[in-house]
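Descriptive analysis of the structure
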Amino acid sequence: MIIRPTNQTYVGHWVLYITCVVYLVLICLSNEVVASSSDVEPDSVKLFYTFKNKITLGNKTKQLQQQYKVELYNLDTVDLIEQRLSSGLSSNLKHSEKIAQKRVDQFINNDDLVNSMKHGYEGILQAKSLGITKTPAIVFKSNKDVFVVYGYRNSDVALKLFQNHMKKTKKH
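Criteria and cut-off values
Residues numbered from 1 in each chain as written. Predicted model: local features only at pLDDT ≥ 70, side-chain atom pairs only at ≥ 80, totals over all residues. Heavy atoms only, no water. Core = buried A, V, L, I, M, F, W, Y, C linked by side-chain atoms within 4.5 Å. Buried < 20%, exposed > 50% of the residue type's maximum accessible area, 1.4 Å probe, protein only. Helix = DSSP H or I, 4+ residues; strand = E, 2+ residues; numbered from the N terminus. Contact = heavy atoms within 4.5 Å. Expected span 1.5 Å × (residues − 1). Polar contact = N/O pair within 3.5 Å; in protein donor to acceptor, adjacent residues only side chain to side chain. Phe/Tyr/Trp six-rings, centres within 6.5 Å; stacked < 30°, edge-to-face > 60°. Lys NZ or Arg CZ within 6 Å of the ring centre and 35° of its normal. pLDDT = per-residue confidence, 0-100. Pairing = 2+ DSSP bridges. Salt bridge = Lys/Arg side-chain N within 4 Å of Asp/Glu carboxyl O.

1. Side note on the nonpolar core
Grouped together as the largest cluster of nonpolar side chains are 19 residues, with contacts concentrated most on Val45, Leu47, Ile138, Phe140 and Phe162. Considering every element that reaches this core, the biggest residue donor is helix 6 (residues 155–171), with six residues. If we ignore the near neighbours within four places in the chain, the residues touching leucine 47 are Ile55, Leu57, Val70, Glu71, Leu72, Tyr73, Ala137, Ile138 and Ser155.

Laid out in structure tokens, this is it:
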């Protein structure tokens, strides 16, 4: 588990790594994570995942969706759509051009696919701008600080780790 605070303007200029004790992780994973009313709530949450490294949206995170901005980004979306557009093209160039043009025309007229592609590229750009290096990654924004938690597939576990980190930071 890595929690990395960053300043969006100077991503990568300063990094703080905090390693949690294995017992804390085991306790968080074995029990349902429930936040108390005194817990620190993030301003926004961004979840970055792939088909291989999916994230489960926990109950506490679902509750945050009603109050704060929670965004999910599947970083495989663009590749999947591109594969669908190019699959099964023949080696005959003229024939492939016709098929590809027909698929592109269908794609352009399909608002769901166009929106998926836009959201996919938005996720890739967001991940790059935040310096996300692997998935799953859950990003918490609190005030002007951005904290990245890597490696947790349950958003509530990552949220609890973020809250514990914020409590420790406030005490010091």
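Still to come is the rest of the account.
2. Focus on helix 4 (residues 93–108)
Between the first and last C-alpha of helix 4 there are 22 Å, a value that for 16 residues agrees with the 22 Å anticipated at 1.5 Å per step. Put simply, asparagine 92 is the residue that caps the front of helix 4, since its side-chain oxygen is 3.0 Å from the backbone nitrogen of lysine 94.

3. Focus on the packing of aromatic side chains
The tally for this structure, following the rule as stated, stands at three aromatic pairs. Ring geometry for phenylalanine 140 versus phenylalanine 162: centroids 4.7 Å apart, planes at 15°, classification stacked. Here phenylalanine 140 is found in strand 4 (residues 137–142), whereas its partner phenylalanine 162 is found in helix 6, with 22 residues between them in sequence. A relative accessible area of 1% means that phenylalanine 140 is categorised as buried. Of the residues examined, phenylalanine 162 reaches a relative accessible area of 1% and is grouped as buried. The aromatic ring of tyrosine 150 is capped on one face by lysine 134, whose charged end is 5.6 Å from the ring centroid.

4. A look at the confidence of the model for the protein chain
When pLDDT is averaged along the protein chain, the result is 76; 76% of the residues meet or exceed 70. Here residues 4–38 is modelled with pLDDT under 50, and outside its nearest four sequence neighbours on either side it reaches 51 contacts, counting other chains as well.

5. Focus: the pairing of strand 4
Most of strand 4 is tucked away, with five of its six residues classed as buried. As paired elements, strand 2 (residues 44–49) and strand 4 share five bridges and run antiparallel to each other. When the sheet's bridge partners are listed, lysine 46 is paired in strand 4 with valine 139. With six bridges joining them, strand 4 and strand 5 (residues 145–150) adopt antiparallel strand pairing. Residue pairing for strand 5: alanine 137 is matched across the bridge by tyrosine 150. Counting the residues that bridge the hairpin from strand 4 to strand 5 gives two residues, and of these asparagine 143 lies at a positive phi of roughly 55°.

6. Side note on the pattern of salt bridges
Taken as a whole and assessed by the stated rule, the structure comprises two salt bridges. As a salt-bridge pair, lysine 60 and glutamate 41 come within 3.3 Å of each other at their nearest N and O atoms. Placement of the pair is lysine 60 in helix 2 (residues 59–67) and glutamate 41 in the loop between helix 1 (22–30) and strand 2, with a sequence separation of 19 residues. Using a relative accessible area of 23% as the deciding quantity, one classes glutamate 41 as partly exposed. With a closest N to O distance of 3.7 Å, glutamate 71 and lysine 69 form a salt bridge. When its relative accessible area of 52% is taken as the criterion, lysine 69 is described as exposed.

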